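Each chain, written out:
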Amino acid sequence: MAKKEHISETPATQFLRKHRVDFSEHPYPYEEHGGTSVSARELGVPEHAVVKTLVMQDEAARPLIVLMHGDCKVSTKNLARAIPCKSVEPCKPEVAQRHSGYQIGGTSPFGTRKALPVYVEQGILALDKIYINGGRRGYLVGIAPQVLVALLAARPVLCALEE
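So, how was this worked out
Residues numbered from 1 in each chain as written. Predicted model: local features only at pLDDT ≥ 70, side-chain atom pairs only at ≥ 80, totals over all residues. Heavy atoms only, no water. Helix = DSSP H or I, 4+ residues; strand = E, 2+ residues; numbered from the N terminus. Rg over C-alpha atoms; globule rule 2.2 N^0.38 Å. Buried < 20%, exposed > 50% of the residue type's maximum accessible area, 1.4 Å probe, protein only. Contact = heavy atoms within 4.5 Å. Lys, Arg positive; Asp, Glu negative; His and termini not counted. Charge placed at Lys NZ, Arg CZ, Asp CG, Glu CD. Pairing = 2+ DSSP bridges. Salt bridge = Lys/Arg side-chain N within 4 Å of Asp/Glu carboxyl O. Phe/Tyr/Trp six-rings, centres within 6.5 Å; stacked < 30°, edge-to-face > 60°. Lys NZ or Arg CZ within 6 Å of the ring centre and 35° of its normal. Core = buried A, V, L, I, M, F, W, Y, C linked by side-chain atoms within 4.5 Å.

Enquirer: Mind laying out the overall build of the protein, listing which residues take part and the relevant values?
Expert: Counting its regular elements, the protein contains 5 helices and 10 strands. Relative to the compact-globule value of 15 Å for 163 residues, the protein shows a C-alpha radius of gyration of 15 Å, a close match. Principal-axis analysis of the C-alpha atoms gives the protein an extent of 55 × 30 × 30 Å. Within the protein, the proportion of its 163 residues that are buried is 48%. At a minimum sequence separation of 6, the contacts of the protein that also span at least 24 residues come to 62%. Distance between charge centroids for the protein: 7 Å, based on 20 positive and 17 negative side chains.

Enquirer: Lay out the pairing of strand β6 (residues 118-121) in plain terms, naming residues and giving numbers.
Expert: Side chains Val-118 and Val-120 of β6 all project onto a buried face; the interleaved residues Tyr-119 and Glu-121 project onto the opposite face, where all are buried too. Where strand β3 (residues 63-69) lies against β6, 3 bridges are found, and the strand directions are parallel. The residue of β6 that forms the bridge with Leu-67 is Val-120.

Enquirer: Which residues make up unusual backbone geometry, and what values go with them?
Expert: Positioned with a positive phi, His-33 is a non-glycine residue whose angle comes to about 60 degrees. Tracing the backbone shows His-33 in the loop between β1 (24-27) and α2 (35-43). Positive phi outside glycine occurs at Ala-153, with the angle close to 55 degrees. One can find Ala-153 in the loop between α5 (146-152) and β9 (155-157).

Enquirer: Give me the pattern of salt bridges: which residues, what numbers.
Expert: Under the counting rule described, the total for this entry stands at 5 salt bridges. In this structure, the salt-bridge partner of Glu-9 is Arg-17, at a minimum N-O distance of 2.2 Å. Glu-31 is the salt-bridge partner of Arg-41, the closest N and O atoms lying 2.9 Å from each other. With Arg-41 in helix α2 and Glu-31 in the loop between β1 and α2, this residue pair connects regions lying 10 residues apart in the sequence. For Arg-41, a relative accessible area of 51% translates into the label exposed. Look at Glu-31 and you get partly exposed, because its relative accessible area is 35%.

Enquirer: Can you break down the side chain of Ser-100 residue by residue, with the values?
Expert: Within the secondary structure, Ser-100 sits in helix α4 (residues 93-100). With near-sequence residues (within four places) excluded, Ser-100 lies in contact with Val-55, Thr-107, Thr-112 and Arg-113.

Enquirer: Describe the packing of aromatic side chains, naming the residues involved and giving the relevant values.
Expert: Under the criterion given, the structure shown has 1 aromatic pair. Lying across the ring of Tyr-139, Arg-136 places its NZ or CZ 4.8 Å from the centre.

Enquirer: Explain the nonpolar core residue by residue, including any values.
Expert: By size, the foremost hydrophobic cluster in this structure holds 28 residues, and its most contacted members are Leu-16, Leu-67, Phe-110, Ile-132, Ile-143 and Leu-148. Contributing elements (two or more residues each) for this core: α1 (11-18), β2 (50-58), β3, α4, β6, β7 (130-136), β8 (139-143) and α5. Not counting residues up to four positions away in its chain, the partners in contact with Leu-67 are Val-51, Lys-52, Thr-53, Pro-109, Val-118, Tyr-119, Val-120, Glu-121, Ile-124, Ile-132 and Leu-148. Counting residues in hydrophobic clusters, the runner-up holds 14 residues, among them Leu-64, Val-66, Leu-79 and Cys-159.

Enquirer: Can you tell me about the pairing of β8, naming the residues and giving the values?
Expert: Counting buried residues in β8 gives 5 out of 5 residues, a clear majority hidden from the surface. The side-chain alternation of β8 yields two buried faces, one formed by Tyr-139, Val-141 and Ile-143 and the other by Leu-140 and Gly-142. Relative to β8, β1 runs antiparallel, the two being bridged by 4 bridges. Looking at β8, one finds that Pro-27 is bridged to Tyr-139.

So this is what it looks like as structure tokens:
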């Protein structure tokens, strides 16, 4: 019988365990700039079910998190209209890291350094299971998407663009 690989705790997995969330752990070989296509390929799951955690900011530099399908990108115009604000743009990597407490490529919406408003692409909530970063590069957790709304008060938005 294969020995289960031990995976160390992250702030995200601590958060999920504290809230008694059922989740599966999915480590994979991380590739620099590989993105969700690499994690989907390595895990053998559809890229549409792999969820990106993006740290963005509004025109007043207030940070927010956007959860998006791995095979889509964010329409910042549609997002700004939905949340409502004048404009939204991605944070610079060092700013995103400061807000979330996570390294770029390992950002999870769970257990962030600061409580940030979370917006989720509406289609994600219709999936049976999603794979989202577990707080470290090369590590996803599988959860029910309803957890995003229940624990993070994630607000559904329509802002996906096909890549």
